[in-house]
Structure formats: C-alpha cells, structure tokens
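# A closer look at the structure
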Amino acid sequence: MRIGVLGTGTMADALGTQWARAGHELLIGGRSRPKAAALAARIGHGARAGSPREAAGFGDVTLLAVAYEGVEAALEAAGAAEGTLSGRALIDCTNAIVPGRFTLATDGGPGMAERIAARAAGARVVKAFCHCSDAVWRMTPPVFADGPLAVPLCGDDEEALAAVRTLVRDMGCLPLDAGGLERARLLEATVAFLLGFWFGGVEPRAALPPLAAQTPAQSPA
C-alpha cells in the first residue's frame with residue numbers, strides 16, 4: 001500500500017516505521033524538508049521525503065500525524081481544501097486535549113475527526129491510533145497479557161475502513177469497529193478520560209469488568 005504521511009513527529013515516526021517494515025511504501029511530507037528527509041532516513045525501507053502536498057497526493061492512505069494545534073496548517077499546506085485528499089483514506093490520530101487538564105479542546109463543538117473531514121474536501125476520514133502513545137506503537141507487536149492490542153476505528157466509508165484494518169493487522173493489532181465518524185468524538189473523549197488515569201499512575205482497566213460478566217441483566221440503566 002502507498003501511504004502519505006503528513007507530519008514528522010513521534011506518531012509519524014512510530015506508525016510509519018511499523019508500516020514500512022510491513023512492506024508499505026511511504027512518502028513523508030513535512031513543512032520542513034530537512035525534518036522530512038531525516039525521518040524518512042530513520043524509517044528506512046525505501047521511505048522518501050517530500051512536501052505536504054506531495055504526501056497528500058501520494059497513495060491510497062494518508063496519515064495525519066501532527067499536534068492538534070497544527071492540524072489546520074498541515075491541511076492547508078497539503079492543499080486539502082482543494083481536493084488533494086479526495087477519495088483517499090485519511091487517518092486522524094490526533095488528540096485535541098488541553099494539557100494538564102485532560103479535557104477536550106473541542107468541547108462544545110464537533111470532534112476533531114469531524115472538523116478534519118469538513119476541511120479535507122472529499123477525504124474519507126477514519127479516526128484511529130489515537131488512544132495510545134508512540135511508545136506503544138513502537139512495540140513489535142503491541143501484545144500484552146490478555147492478547148494483542150485492539151485499535152478502535154471510527155469512519156463512514158467501508159473501503160477506507162478496510163484499508164485501515166489492514167494497517168492495524170500489519171502491526172500485530174486487532175481492528176475494533178467503533179461506529180461511524182460521529183462516534184469519533186466519543187473515542188476522543190474516552191482518550192482524554194483515560195489519560196487522566198494514566199498520568200495519575202492508575203490502571204483504568206480495573207474499572208472494566210470482563211465481557212462475560214456484563215450480562216443484559218447487569219447492564220447499567
């Protein structure tokens with residue numbers, strides 16, 4: 001699969017490296033060409049550097065991997081409003097979270113994924129890979145005591161979702177369909193909630209009963 005990457009930070013590095021190792025062809029698009037070239041060199045496996053616009057038009061899938069404050073600038077540099085991402089699966093792994101407060105910067109309006117879809121003409125946005133840090137995505141593979149890591153996916157386009165499911169499996173993870181793009185705001189809020197526990201040194205899984213225990217009679221009202 002041909003994958004364009006918008007961004008040169010830690011998430012672009014972690015996810016891009018895994019996909020390049022799996023045999024996918026990458027083009028790293030950064031507003032700083034030297035940073036894009038440096039990341040492509042670190043990733044190896046034939047990864048190349050280019051401009052954000054070149055990355056947007058490169059392949060079947062585009063990864064948007066920038067801090068939420070830089071999303072609009074990244075999309076503008078990629079020419080998203082002009083349709084450069086039209087018809088492509090656009091993976092949104094961003095988290096619009098207020099530092100130190102673990103609340104959503106988008107509170108009271110559309111979620112980040114929906115905002116990105118509104119700004120990227122014709123793109124088929126899939127929210128994914130937002131619930132873990134780059135350290136988890138660097139694991140080969142991300143498998144824990146109870147099995148492979150599940151990756152929630154929110155999106156409206158089945159073809160785009162199928163492409164992202166492939167990328168999830170190529171990392172040794174399990175795709176977990178979580179509904180349409182409108183549900184991405186729930187995933188984004190869940191990540192903010194979980195971060196509060198993780199940064200506080202608390203294991204959030206302690207609050208979750210196993211599936212077998214959650215029978216209809218025990219479901220919360």
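Structure shown above.
Overview of the structure. (Residues numbered from 1 in each chain as written. Predicted model: local features only at pLDDT ≥ 70, side-chain atom pairs only at ≥ 80, totals over all residues. Heavy atoms only, no water.)

## A look at the overall build of the chain
Rules: In this description a helix means any DSSP run of H or I spanning at least four residues, a strand means any run of E spanning at least two, and both kinds are numbered starting from the N terminus. Our radius of gyration looks at C-alpha atoms and nothing else; its globule reference is 2.2 Å times the residue count to the power 0.38. Classification of residues uses two cut-offs on accessible area relative to the type maximum, computed with a 1.4 Å probe and protein chains only: under 20% is buried, over 50% is exposed, and between them is partly exposed. Any two residues whose heavy atoms approach within 4.5 Å are treated as being in contact. In this description, accessible areas are obtained by the Shrake-Rupley approach with a 1.4 Å probe, and a residue is regarded as covered only by the protein chains that are shown. As used throughout, the charge tally considers Lys and Arg to be positive and Asp and Glu to be negative, leaving His and the chain termini uncounted. Think of each charge as sitting on NZ of Lys, CZ of Arg, CG of Asp or CD of Glu.
On a plain count of helices and strands, the chain comes out with eight helices and 12 strands. Over its C-alpha trace the chain gives a radius of gyration of 17 Å, about what one expects of a compact globule, namely 17 Å for 221 residues. For the C-alpha atoms alone, the extent of the chain along its principal axes is close to 55 × 35 × 35 Å. Counting the 221 residues in the chain, one finds 45% classified as buried. Taking all contacts inside the chain whose residues are at least 6 apart in sequence as the whole, residues at least 24 apart take part in 68%. Carbon and sulfur atoms form 56% of the exposed surface of the chain, whose accessible area is close to 10600 Å². Across the chain, the centroid of the 20 positively charged side chains sits 5 Å from that of the 22 negatively charged ones.

## Topic: the sheet that holds strand β4 (residues 61-64)
This is how the line gets drawn: Two strands pair if DSSP finds at least two bridges between them. Here, axes are lines fitted to C-alpha atoms. For helices the fit covers the stretch in contact, and angles between N-to-C directions go from 0 to 180 degrees.
Pairing is mixed across the open sheet formed by eight strands, whose spatial order is β3-β2-β1-β4-β5-β8-β11-β12. On the outer flanks of this sheet lie β3 (48-50) and β12 (174-177), each paired with one strand and no other. Neighbouring strand axes in the sheet, compared pairwise and without regard to direction, differ in orientation by 30° on average. With four bridges joining them, β4 and strand β5 (residues 89-92) adopt parallel strand pairing. The partner of Leu63 across the bridge, within β5, is Ile91.

## Focus: the environment of Ala65
Along the chain, Ala65 turns up in the loop between β4 and α4 (71-78). Aside from chain neighbours lying at most four places away, what touches Ala65 is Leu6, Gly7, Met11, Ala12 and Cys93.

## Description of the packing of aromatic side chains
Basically, it comes down to this: For this analysis, a ring pair means two rings from Phe, Tyr or Trp (six-membered ring only for Trp) whose centres lie within 6.5 Å, classed as stacked if their planes differ by under 30 degrees, edge-to-face if by over 60, and tilted for the remaining angles. Any Lys NZ or Arg CZ found within 6 Å of a ring centre and within 35 degrees of that ring's normal is scored as a charge over the ring.
Here the structure, examined in full by the defined rule, presents four aromatic pairs. Taken together, a centroid distance of 5.4 Å and an interplanar angle of 35° make the contact between Phe102 and Phe199 tilted. Of the two residues, Phe102 sits in the loop between β6 (97-98) and β7 (103-104) while Phe199 sits in helix α8 (residues 184-199), which places them 97 residues apart along the sequence. With relative accessibility at 27%, the residue Phe102 sits in the partly exposed group. We classify Phe199 as exposed; its relative accessible area is 65%. An angle of 80° between the planes, with centres 5.2 Å apart, marks the rings of Phe129 and Trp137 as edge-to-face. Across the pair, Trp137 and Phe129 agree in class, each one buried. Grouping aromatic residues by their ring pairs yields a cluster made of Trp19, Phe129 and Trp137. Taking the ring centre of Phe58 as reference, the NZ or CZ of Arg2 above it sits at 4.0 Å.

## Some points on the nonpolar core
Formally: Grouping buried Ala, Val, Leu, Ile, Met, Phe, Trp, Tyr and Cys residues that are joined through side-chain atoms within 4.5 Å yields what is termed a nonpolar core.
Counting residues in hydrophobic clusters, the biggest one holds 38 residues, and the most contacted among them are Leu15, Trp19, Leu26, Ile91, Phe129 and Trp137. Filtering out sequence-adjacent residues up to four positions away, Trp19 remains in contact with Ile3, His24, Leu26, Leu63, Ile91, Phe129, Leu167 and Met171. In this structure, Phe58, Leu90, Ala96 and Leu187 belong to the second largest nonpolar core, which totals 30 residues.

## Some words on the environment of Ala55
Checked against the element boundaries, Ala55 lands in helix α3 (residues 52-56). Taking C-alpha positions, Ala55 is 9.5 Å from Leu85, a pair spaced 30 residues apart along the chain. In this structure, Ala55 is in contact with Gly4, Val5, Leu6, Leu27, Gly29 and Thr62, ignoring residues within four places of it in sequence.

## Quick look at the pairing of β5
Cut-off, in case you're wondering: Orient the strands so they point away from the viewer, and a crossover whose first-strand-to-second-strand path over the helix runs clockwise is right-handed.
Residue alternation in β5 divides its side chains into two sets, Ala89 and Ile91 and Leu90 and Asp92, and both sets are buried. In this fold, β4 hands off to α4, which returns the chain to β5; that crossover is right-handed. In this structure, β5 lies alongside strand β8 (residues 124-127), joined through four bridges in parallel fashion. Considered in β8, the bridge of Leu90 is made with Val125.

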